[in-house]
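As a plain string of letters, each chain reads:
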Amino acid sequence: MAEPGVETRTRSSVITARAAASFDPVGRSVATARAFVRDTLQGWGYSDVVDDAVVLTSELVTNAVIHAGTAADVLCLRTDDGVRVEVADRYPEREIPIQGTGRSLGNPDRENGRGLLLCAALASRWGVEYSSTFKQVWFHLDLPQRVVGARSAGPVLPTPMLPVADERVRVAVAQIDRTGSIVVWNEDAERLFGYAAEQVIGKPLTDFAAWPHTPGIGTGIVDALQLSRWEGSYGIRGTDGRVVPVYASHLRVRDTHGEPSTVCLIVRDDERAVLQTPQRAPVTETGAESHATDPFEVFIGTPAPDDLDGLLQRTVERARDMLDGDAAFLLLATDDETELEVRATTGLPSARQRFARVPVEAGTGRYGSARMPAVHEDLTAVPGAVPLLNSTGMRSVVTVPLKVEGRLTGSLGVAAESAGRYSNEEALRLQFAADRIALAVESARLGELERLRRGSLSFLVEASDLLAGTLDRDQTLALMAQMTVPTLATWCAVYTIADQASDPYLSYVLHEDEERIDGLKALLSKIAPPDPVPTPGARVWTAPAAAAQQAALLTSKRELGLGSTPPVSSGIGTTLATAAAVGGETVVLPLVARNRVIGMLTLGKPSDDHFRQEILELAEDLSRRAALALDNARLYSERMAISQSLQRSLLPPGLPQIPGVEVEVIYRAAGEGNEVGGDFYDLFPIRDGAYGFAIGDVCGTGPEAAAVTGLARHALRLLAREGFGGPAVLERLNAAILDEGARSRFLTLLYGELWPQDDGSAVLKVVCAGHPLPLRLRQDGSVEPAAEPQPLLGVLEDLELYEQMVTLDPGDVLLCVTDGVTERREGTRMLGDEGLIDVLTTCTGLTAGAVAARVLRAVERFAAEPASDDMAILAMRVPETRRP
């Protein structure tokens, strides 16, 4: 006689619908079969038994297509009292497993034996049928018994306490199709809102609804119409334009053709008691609805934690209590399912194990796999079978997988300090619990991962902005460390490599506790730096932790007088604190830029802590950006040094002392110093008693402008000392510039020769080739140009230049500037020649240095923005003759 619950024939029942499908013997067929059963039962309205049917079908189809290696035929039958699912394969076995005969139905550790165990546990009735060509396993799931009669009720109330309503309560009925348009509008709706049916049918309900846009309400009217059920308040605009507050109850339905629509029952808001669902009190364990309690809530408890860490911690605690264990743990799988990451433990040193990673297939034998339940009666017989429990004192353990749609998402385990505590029965109980929580855990994990990824994206965007905002090497190093500590790690060290032949150099160290920085820097300085390996990704570096532990041990021995040196009274606290600071996991990420390792980013955790995989991935992204920023800073520094060196070479090394004449030069290069300017000046002796001076401006900046600047300055000196006059010097310089061809740049130049006189005056011969005119300031405060404009250089081949004679009397000043002074702008205003003359008129009686300084100050104050063009100011003054 068969045991209760096991049948070999179908009970007499009326079959009202059927659906069948066949699946090939390939792995993906299992997921396809689950989807087929889920869609079929949901289409029949049997959502109450969908989950159990999917679990059973998954196991039975897995046995057929994976283990038996044959095709599987799945047949779903709808009956008047439930659903029957038949799974047949073409690999018959003659032995019929019977419960209660002393023989096991199967072992939970064997994937091909769990299907019958699950049938026995979940199905109302089940059975196995054999023939010469196939084997069929079927199960029947009864629909939950729904209570007939009152769903809810309230007490008898006195008449004054009843809700107030109009004499004639009207309930508007509106039906909305899949497009949101009204297809039904009853007579009460016409009376309540004033619209006739022909006025609203075919129009969207949103044309008449006034949804309350209250902060914190994320659902709109369009979203509410798509929900299976919705109940709440909004408004309907009447024909008079006023909004009528209403209370509505929406129900999403589908017709016999499968077309969905939403039925809306609507009353005035002050009559909401007609539709409002009464609050239901919590059901006790002995209540009438105790059978409908959510298995997830039974295991986790109510209310369930709303964060992943809280949910995982509650899970391990409940699993430990359920199996009366001494410890429990839960691991979550990485995205590629190759590793498991410790996320929650109880009864174990969680601080040491948190975020530690173990391979999925770790351990010896098939029990090492995390993809199926496993029972270890004695861990001492299989060392390393569960790496997480090494050196914890646990002897027996049961582990089960967490799976969602057949994909491994984690592993749940319970351990005990004594051997032989767990059997397959406990594994089955724990697996049932894991199946109930797997989806909730995966949903919470995905939510956390999404939040982390959004935070990571924001972090990387901010990091990129900060790194792009500086080209200073030291500031870039500081930013790298400050962005990682404490966001990604407890401490950070940056090593840099100057060139291929150089060793890594410890450039920057940071700890979240500033008091630990010196000790950490001293420790890292004593150990060899990590190898500059260009392989991407983080690699573990054990040297800091080992060195810190050794230093702490030696210090402790000296403190106790056990070492070869006398005991010391100080230093042990710092050493032990440093050892604790670097006692966790330390990883090294290469800083690779332009196919070259330019340094290493080292991140560390304290006290045996581990890095999360997501944190390491984020650190790797940051290291790539930081490496490029650091290399850009290096290139910028080199370029700036070259530019500054070149700029210095284009200016005279010093100014000669001219008897009887005061000379002052101010030069200001625009920009950040990384480009060579086009302005230049020179003052040099030609022969005894004669001096040459020049101030010029080459079009543009950069190397091409620098070439013309160097050519002009050195050609002027050479030609002047050869005895050529001003016009001849500039004509030959013009020819030399034109010889440069495409590289040539036009040049504005003021060139002159100066002869101090015995009477205290000075005679000048000046040629102004396209340059701002020199200004002469007399003692009486009048200002006038000291030359006439002539063509600039580098444009015309045939130039006919001439020089003009100027005599500076005692007290007179000659001011020469480049266009960076006269073209100083503030919006649409420009300083110009007139503005410069106004400034110069205030300089009567000032020395040459004071005149140049006043002009510079006036230019700087003219506009708030920094100057965008180079400036050169040359002031020469003949001092007043002293009276005897």
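Residues numbered from 1 in each chain as written. Predicted model: local features only at pLDDT ≥ 70, side-chain atom pairs only at ≥ 80, totals over all residues. Heavy atoms only, no water.

Across its full length, the protein carries 20 helices and 35 strands. Within the protein, contacts between residues separated by at least 24 positions form 62% of all contacts whose residues are at least 6 apart in sequence. (Helix = DSSP H or I, 4+ residues; strand = E, 2+ residues; numbered from the N terminus. Contact = heavy atoms within 4.5 Å.)

As a further point, take the pattern of salt bridges. Scanning all chains against the criterion turns up 29 salt bridges. Note that E405 and R34 form a salt bridge whose closest N and O atoms lie 3.5 Å from each other. Of the two residues, E405 sits in the loop between β16 (396-404) and β17 (407-416) while R34 sits in helix α1 (residues 28-43), which places them 371 residues apart along the sequence. Notably, a salt bridge pairs R778 with E784, separated by 3.0 Å at the nearest N-O pair. The exposure class assigned to E784 is partly exposed, which follows from its relative accessible area of 31%. One salt-bridge network, in which partners are shared between bridges, spans R594, R596, D631 and R634. (Salt bridge = Lys/Arg side-chain N within 4 Å of Asp/Glu carboxyl O. Buried < 20%, exposed > 50% of the residue type's maximum accessible area, 1.4 Å probe, protein only.)

This part takes up helix α19 (residues 832-840). Spacing of three or four residues puts side chains on the same side of an α-helix, whose turn is 3.6 residues. Residues G832, G835, L836, V839 and L840 constitute the buried set of α19. Down the axis, α19 shows its buried residues gathered within 140° of arc, on one side only. Buried-residue contacts for α19 involve β28 (775-777), β29 (783-785), β32 (813-817), α18 (819-822), β34 (829-830) and α20 (848-862). (Arc of directions from axis to C-beta.)

The subject of this paragraph is helix α2 (residues 50-68). Here α2 spans 25 Å end to end across 19 residues, near enough to the 27 Å set by a 1.5 Å rise per residue. Along α2, the largest kink reaches about 30° and is centred on T62. Phi for G69, located one or two positions after α2, is positive at around 75°. (Expected span 1.5 Å × (residues − 1). Bend = angle between axes of the 7 residues up to and from the residue.)

Strand order across the open sheet formed by five strands is β19-β18-β22-β21-β20, with antiparallel pairing between neighbours. A single partner strand is all that each edge strand has here, and the edge strands are β19 (505-511) and β20 (539-540). Pairing of strand β21 (residues 586-593) with strand β22 (residues 596-604), which is carried by eight bridges, proceeds in the antiparallel orientation. In the sheet register, L589 faces β22, and the bridge partner there is L601. Docked against the sheet, helix α11 (residues 473-484) engages β18 (491-496), β19, β21 and β22, running at close to 40° with respect to β19. Here helix α12 (residues 517-526) sits on the sheet and contacts β18 and β19; the angle it forms with β19, its principal contact strand, is near 150°. (Pairing = 2+ DSSP bridges. Axes fitted to C-alpha atoms, helices over the stretch in contact; angles between N-to-C directions.)

We now examine the packing of α1 against α2. Where α1 contacts α2, the axes come no closer than 9 Å and their chain directions differ by 150°. Overall, the two elements α1 and α2 adopt an arrangement that is roughly antiparallel. Regarding α1 and α2, the two cross each other, and that crossing is right-handed. In this structure, α1 contributes S29, V30, A33, R34, V37, R38, L41 and Q42 to the contact, and α2 contributes V50, D51, A53, V54, T57, S58, V61, T62, V65 and I66. Considering only residue class, the contact of α1 with α2 consists of ten nonpolar, five polar and three charged. (Parallel < 35°, antiparallel > 145°, perpendicular 65-115°, else oblique. Left-handed = near helix turned anticlockwise from the far one by under 90°. Nonpolar A, V, L, I, M, F, W, Y, C, P; charged D, E, K, R; others polar.)

Here we come to the packing of aromatic side chains. Considering all chains together, one arrives at five aromatic pairs under this definition. Ring centres of Y195 and F208 lie 5.0 Å apart, and the angle between their planes is 65°; on these two criteria the pair is classed as edge-to-face. Residue Y195 is located in the loop between α4 (187-193) and α5 (197-200), and its partner F208 is located in the loop between α5 and β8 (209-210); the two are separated by 13 residues in the primary sequence. Ring geometry for Y495 versus W541: centroids 6.3 Å apart, planes at 80°, classification edge-to-face. One end of the pair, Y495, is in strand β18; the other, W541, is in the loop between β20 and α13 (543-560), with 46 residues separating them in the sequence. The class for Y495 is buried, based on a relative accessible area of 2%. Across the ring face of W138, the terminal group of R84 is positioned such that the distance to the ring centre comes to 4.1 Å. (Phe/Tyr/Trp six-rings, centres within 6.5 Å; stacked < 30°, edge-to-face > 60°. Lys NZ or Arg CZ within 6 Å of the ring centre and 35° of its normal.)

This part takes up the environment of S22. Positionally, S22 belongs in strand β1 (residues 15-23). Judged by relative accessible area, which is 57%, S22 ranks as exposed. Once the C-alpha coordinates of S22 and V87 are considered, the two residues, 65 residues apart in sequence, prove to be 9.6 Å apart. Not counting chain neighbours up to four residues away, the residues in contact with S22 comprise A72 and D73. In terms of polar contacts, S22 uses its side chain to reach the side chain of D73, at 2.7 Å. (Polar contact = N/O pair within 3.5 Å; in protein donor to acceptor, adjacent residues only side chain to side chain.)

In regions of low pLDDT, the predicted coordinates are not meant to be interpreted in detail. Across the protein, the average pLDDT comes to 79, with 81% of residues at or above 70. Within the protein, the lowest mean pLDDT, 52, falls on helix α9 (residues 350-353), and the highest, 94, falls on strand β7 (residues 182-185). Low pLDDT, under 50, characterises residues 362-368; the predicted model gives this stretch 15 contacts beyond four residues in sequence or across chains. (pLDDT = per-residue confidence, 0-100.)

Take the packing of α19 against α20 next. Contact geometry of α19 with α20 gives a least axis separation of 10 Å together with a crossing angle of 135°. What the angle tells us is that α19 and α20 run oblique. When the axes of α19 and α20 are compared, the crossing they make is right-handed. In this structure, α19 uses L836, V839 and L840 to contact α20, whose residues at the interface are V851, R854, V855 and A858. The class makeup of the residues in the contact of α19 with α20 is six nonpolar, no polar and one charged.

The next thing to look at is unusual backbone geometry. In this structure, P486 follows V485 across a cis peptide bond, with omega equal to 0°. The topology assignment puts P486 in the loop between α11 and β18. Phi is positive for N595, close to 60°, though the residue is something other than glycine. N595 sits in the exposed class, given a relative accessible area of 81%.

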